[in-house]
Amino acid sequence: MSNSSSITQFLLLPFTDTRELQLLHFWLFLGIYLAALLGNGLIITAIAWDHRLHTPMYFFLLNLSVLDLGSISTTLPKAMANSLWNTRDISYTGCAAQVFFVFFLIGAEFSFLTIMAYDRYVAICQPLHYGTLLGSRACVHMAAAAWGTGFLNSLLHTASTFSLPLCQGNAVDQFFCEVPQILKLSCSHSYLREAGLLVVSACLASGCFVFIVLSYVQIFRAALRIPSEQGRHKAFSTCLPHLAVVSLFISTGMFAYLKPHSTSSPVLDPVVAVLYSVAPPAVNPLIYSLRNQELKEALKKQIPWVPLQQR
């Protein structure tokens, strides 16, 4: 039996013990990772260099892309390295860093998704007040609050988790260091403290999700009153993908962090983790740029081979 003071490394969950499948996982995740880097990198470059995109909506989208790059870079590279070199280990410090950055980046990302819903609500439902409610100073304050909230939330959860005594070994049943899997290694009832913090965080996230849903209810009502079919189509094409991403993000994240230990599965848990930690950063660039003519035109200026959709 060991305790947290004697643990110098953790063992992550391998996707498979078959060498050929390990290499297949490596190449699959490498492709996803490169696609996420390329997609989010193009969005950041286009928004930064095209002055026409220096608006609140694209300012928040730029922040979201930065968070997506950080989020997927926190989990996938180590998983790819372990698959490539047929290893499982991660240092105690590296595990703590993963937990910190996962909470920090994903928490801040959900805050920005909430802010983006508010941005769309004001733009569609209160367009005359858009410049007042979402001026440059207001946008900077909201962005700073989102980053700060993610940082404080992450600091709290990381300190709480790694102050627990661990005596159930060092094998983490996940391909990255995930708090619920680390709590399973605890040997005292102290883990209930961190479990309580997770519940509080989940309640706050649920409140944000309710706000997002109510915002979109108002947006869809306003969109249905738009006389132009093209205007209605633009409103729905902008908002529906955002709502789909938020729904997938929060449902899989809450399932991973709030499900009972008895329902854990070595097959289901990694799939759920991929859905909330890997899929959004890879899919967000497609969702937010595929139907966005302004962004596609900005990308066309940067990269000539980016196709433009006909108006």
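Residues numbered from 1 in each chain as written. Predicted model: local features only at pLDDT ≥ 70, side-chain atom pairs only at ≥ 80, totals over all residues. Heavy atoms only, no water.

J.: Hey, could you run me through the nonpolar core in this one?
T.: For soluble globular proteins, nonpolar side chains are generally found buried alongside one another. Ranked by size, the top nonpolar core spans 78 residues in total, and within it F10, L61, F110, Y216, Y257, Y276 and L295 carry the most contacts. Looking at this core, the element that brings in the most residues is helix α3 (residues 92-125), giving 17 residues. Sequence-distant contacts of F110, that is, excluding residues within four places in its chain, are made with A205, C208, F209, I212, V246, F249 and I250. (Core = buried A, V, L, I, M, F, W, Y, C linked by side-chain atoms within 4.5 Å. Buried < 20%, exposed > 50% of the residue type's maximum accessible area, 1.4 Å probe, protein only. Helix = DSSP H or I, 4+ residues; strand = E, 2+ residues; numbered from the N terminus. Contact = heavy atoms within 4.5 Å.)

J.: Whenever I open this one, the packing of helix α1 (residues 19-49) against helix α2 (residues 56-85) confuses me. Can you help?
T.: Between two packed helices, what matters for the description is the angle formed by their axes and the separation of those axes. The interhelical angle for the contact between α1 and α2, taken along N-to-C directions, is 160 degrees, at an axis separation of 9 Å. Relative to α2, α1 is oriented roughly antiparallel. Taken as a pair, α1 and α2 cross one another with a handedness that is left-handed. Its residues placed into classes, the contact of α1 with α2 shows 23 nonpolar, 6 polar and 2 charged. (Axes fitted to C-alpha atoms, helices over the stretch in contact; angles between N-to-C directions. Parallel < 35°, antiparallel > 145°, perpendicular 65-115°, else oblique. Left-handed = near helix turned anticlockwise from the far one by under 90°. Nonpolar A, V, L, I, M, F, W, Y, C, P; charged D, E, K, R; others polar.)

J.: Looking at this model, I keep getting lost on the packing of aromatic side chains. Mind explaining?
T.: Here the distance between the centres and the angle between the planes together describe a pair of aromatic rings. In the structure shown here, the tally under the stated rule is 14 aromatic pairs. Measuring from centroid to centroid gives 5.6 Å for F59 and F60, while their planes differ by 55 degrees, and the two rings are tilted. Residue F59 is classed as partly exposed on the basis of its relative accessible area of 29%. Ring plane angle 75 degrees and centroid distance 6.4 Å describe the contact between F112 and W147, whose orientation is recorded as edge-to-face. One end of the pair, F112, is in helix α3; the other, W147, is in helix α5 (residues 136-161), and 35 residues separate them in sequence. Of the residues examined, F112 reaches a relative accessible area of 0% and is grouped as buried. Judged by relative accessible area, W147 falls into the partly exposed class, the value being 27%. (Phe/Tyr/Trp six-rings, centres within 6.5 Å; stacked < 30°, edge-to-face > 60°.)

J.: What's the story with the UniProt feature "transmembrane region" (unreviewed entry) in the chain in this structure? I'm lost.
T.: Here, UniProt's "transmembrane region" (unreviewed entry) annotation points to residues 24-49, 96-118, 138-156, 195-217, 238-258 and 270-290. Across residues 96-118 one finds 100% helix and 0% strand; the C-alpha atoms that close the span lie 33 Å apart. Here residues 195-217 is 100% helix and 0% strand, with 33 Å between the C-alpha atoms at its ends. (UniProt positions renumbered as here; feature names shortened; annotations may be inferred.)

J.: Where do I start with empty space enclosed by the protein in this structure?
T.: The method is simple in principle: a probe with the dimensions of a water molecule rolls over the atoms, and the space it marks as empty is what remains. Here the structure, examined in full by the defined rule, presents 1 cavity of 30 Å³ or more. Within this model, the largest cavity holds a volume of roughly 120 Å³. Taken together, 13 residues make up the lining of the largest cavity; nearest its centre are L13, P14, F15, N82 and S83. When residues of the lining of the largest cavity are traced back to their parent elements, those giving at least two are α1 and α2. Taken together, the residues that form the lining of the largest cavity break down as 6 nonpolar, 6 polar and 1 charged. (1 Å grid on protein atoms, 1.4 Å probe; cavity = no way out; pocket = protein on both sides within 12 Å on 5 of 7 lines; lining within 4 Å. Points joined across faces, edges and corners; volume = space filled by probe spheres on them.)

J.: Any chance you could explain the state of the cysteines here in plain terms?
T.: Two cysteines, two sulfur atoms, one covalent bond between them: this is a disulfide. Scanning all chains against the criterion turns up 1 disulfide. Through a disulfide, C95 is tied to C177; the S-S separation comes to 2.0 Å. Judged by the torsion about the S-S bond (-125 degrees), the C95/C177 disulfide is left-handed. With C95 in helix α3 and C177 in the loop between α5 and α6 (179-183), this pair connects stretches of sequence that are 82 residues apart. A relative accessible area of 0% means that C95 is categorised as buried. Note on C177: relative accessible area 1%, which makes it buried. For the unlinked cysteine C208, the closest cysteine sulfur is that of C203, found at 11 Å. (Disulfide = S-S within 2.5 Å.)

J.: Any chance you could explain the layout of surface pockets here in plain terms?
T.: The space that makes up the second largest pocket amounts to roughly 680 Å³. If you go around the second largest pocket, you meet 27 residues; those closest to its centre are G107, F110, N153, S201 and A205. If one sorts the elements of the lining of the second largest pocket by residue count, α3 sits on top with 8 residues. Residue classes in the lining of the second largest pocket are distributed as 19 nonpolar, 8 polar and no charged.

J.: Looking at this structure, I do not really get the pattern of salt bridges. What am I missing?
T.: A side chain with one charge can pair with a side chain of the opposite charge if their charged atoms come near. A complete count under the given rule lists 3 salt bridges for this structure. For K184, the salt bridge identified is with D173, shortest N-O distance 3.5 Å. With a gap of 11 residues between them, K184 in the loop between α6 and α7 (191-224) and D173 in the loop between α5 and α6 connect regions that are remote in the sequence. (Salt bridge = Lys/Arg side-chain N within 4 Å of Asp/Glu carboxyl O.)

J.: Explain the environment of P180 to me, please; I cannot follow it from the model alone.
T.: With respect to the secondary-structure elements, P180 resides in helix α6. Counting along the chain gives 92 residues from P180 to V272, while the straight-line C-alpha distance between them is 13 Å.

J.: It is not clear to me how the side chain of D119 should be interpreted in this structure. Could you clarify?
T.: Looking at the secondary structure, you find D119 in helix α3. Excluding anything up to four places from it in sequence, D119 contacts P56, M57, F60, Y130 and L134.

J.: Help me understand a nonpolar patch on the surface in this model?
T.: Together, F151, L152 and L155 give the surface a local cluster of nonpolar side chains, amounting to about 290 Å² of exposed area. Checked against the element boundaries, L155 lands in helix α5. Taking relative accessible area as the criterion, L155 reaches 44% and is therefore assigned partly exposed. (Patch = residues over 30% accessible without salt bridge, like charges linked within 9 Å, V, L, I, M, F, W, Y side chains within 5 Å. Areas by Shrake-Rupley, 256 points an atom, 1.4 Å probe, with all protein chains shown as cover.)

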